[in-house]
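Residues per chain are reported as follows:
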Amino acid sequence: GIHFCLKHMPSVERVLCSSVSRFDATQYFATCGDFLHTAQLEYLDVSGCVKLDNIGIKRLVTTVQGKNIRHLDFSGCSKLIDDSVAGTVAFCQNLECLNVAGAVDI
């Protein structure tokens, strides 16, 4: 699955997992995302991943260290709150685009 692909593609710059209903991004970044710290990830789209929550976002940005991230799409991720979004923006210093459309608690 996605873990195999990302693990064997260390120079990947774009990952689009939008509306993958079975993808538990929070669990994934907690248990399998450790190799992402060396990735060249600039663009991440997890829009519509309804299982993604604040813990998952924190784990994601700390795992990838935020250094290369320029575009994050969290639209439709209804479990997000202000604190996780603010922390993401602070941690991802090169962020150019952040989409949180549909996050009702922001």
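Structure's up top.
Residues numbered from 1 in each chain as written. Predicted model: local features only at pLDDT ≥ 70, side-chain atom pairs only at ≥ 80, totals over all residues. Heavy atoms only, no water.

**Let's talk about the overall build of the chain**
The condition that has to hold: Numbering of helices and strands starts at the N terminus; helices are DSSP runs of H or I of at least 4 residues and strands are runs of E of at least 2. Three exposure classes are used, based on accessible area relative to the maximum for each residue type with a 1.4 Å probe and protein chains only: buried under 20%, partly exposed in between, and exposed over 50%. Contacts between residues were defined by any pair of non-hydrogen atoms, one from each residue, lying within 4.5 Å. Only the protein chains shown count as cover for residues, and the accessible areas themselves come from Shrake-Rupley with a 1.4 Å probe.
For the chain, the count of helices and strands is 4 helices and 4 strands. Counting every position in the chain, which comprises 106 residues, the buried fraction comes to 40%. Sequence-distant contacts in the chain: of pairs separated by 6 or more residues, those separated by 24 or more amount to 81%. When the accessible surface of the chain is totalled, it reaches about 5700 Å², and 52% of it is carbon and sulfur.

**Observations concerning the pattern of salt bridges**
Note the following rule: By convention in these notes, a salt bridge is any Lys or Arg side-chain nitrogen within 4 Å of a carboxyl oxygen on Asp or Glu.
Tallied over the full model, the rule gives 1 salt bridge. When the shortest N-O distance is used, the salt bridge between Glu96 and Arg70 registers 3.3 Å. Of the two residues, Glu96 is situated in the loop between helix 4 (82–91) and strand 4 (97–99) and Arg70 in the loop between helix 3 (54–63) and strand 3 (71–73); the sequence distance between them amounts to 26 residues. Of the residues examined, Glu96 reaches a relative accessible area of 62% and is grouped as exposed. Given a relative accessible area of 34%, Arg70 falls into the partly exposed group.

**Points about the nonpolar core**
Convention followed: Buried Ala, Val, Leu, Ile, Met, Phe, Trp, Tyr and Cys residues that are joined via side-chain atoms within 4.5 Å together make up what is termed a nonpolar core.
If you look at the biggest cluster of nonpolar residues, it comprises 20 residues, and the most contacted ones within it are Val15, Leu44, Val46, Leu52, Leu72 and Phe74. Here the element with the most residues in this core is helix 3; it accounts for 3 residues.

**Quick notes on helix 4**
The α-helix winds at 3.6 residues per turn, so residues separated by three or four positions along the chain end up facing the same way. Rules: Directions pointing from the helix axis toward each C-beta atom define the arc.
Looking at helix 4, one finds that the buried residues are Ser84, Val85 and Thr88. The buried residues of helix 4 occupy an angular sector of 100° when the element is viewed end-on, so they sit on one face. Facing away from the buried side of helix 4 by more than 90 degrees, the exposed set consists of Asp83 and Ala90. As for helix 4, its buried residues are in contact with helix 3, strand 3 and strand 4.

**Overview of the state of the cysteines**
Here, the word disulfide means a covalent bond between the sulfur atoms of two cysteines. Rules: Disulfides are defined as pairs of cysteine sulfur atoms found within 2.5 Å of each other.
Under the definition given, this model contains 0 disulfides. Cys77 provides the cysteine sulfur closest to Cys49, a residue in no disulfide bond, and the two sulfurs are 5.8 Å apart. Residue Cys49 is classed as buried on the basis of its relative accessible area of 1%.

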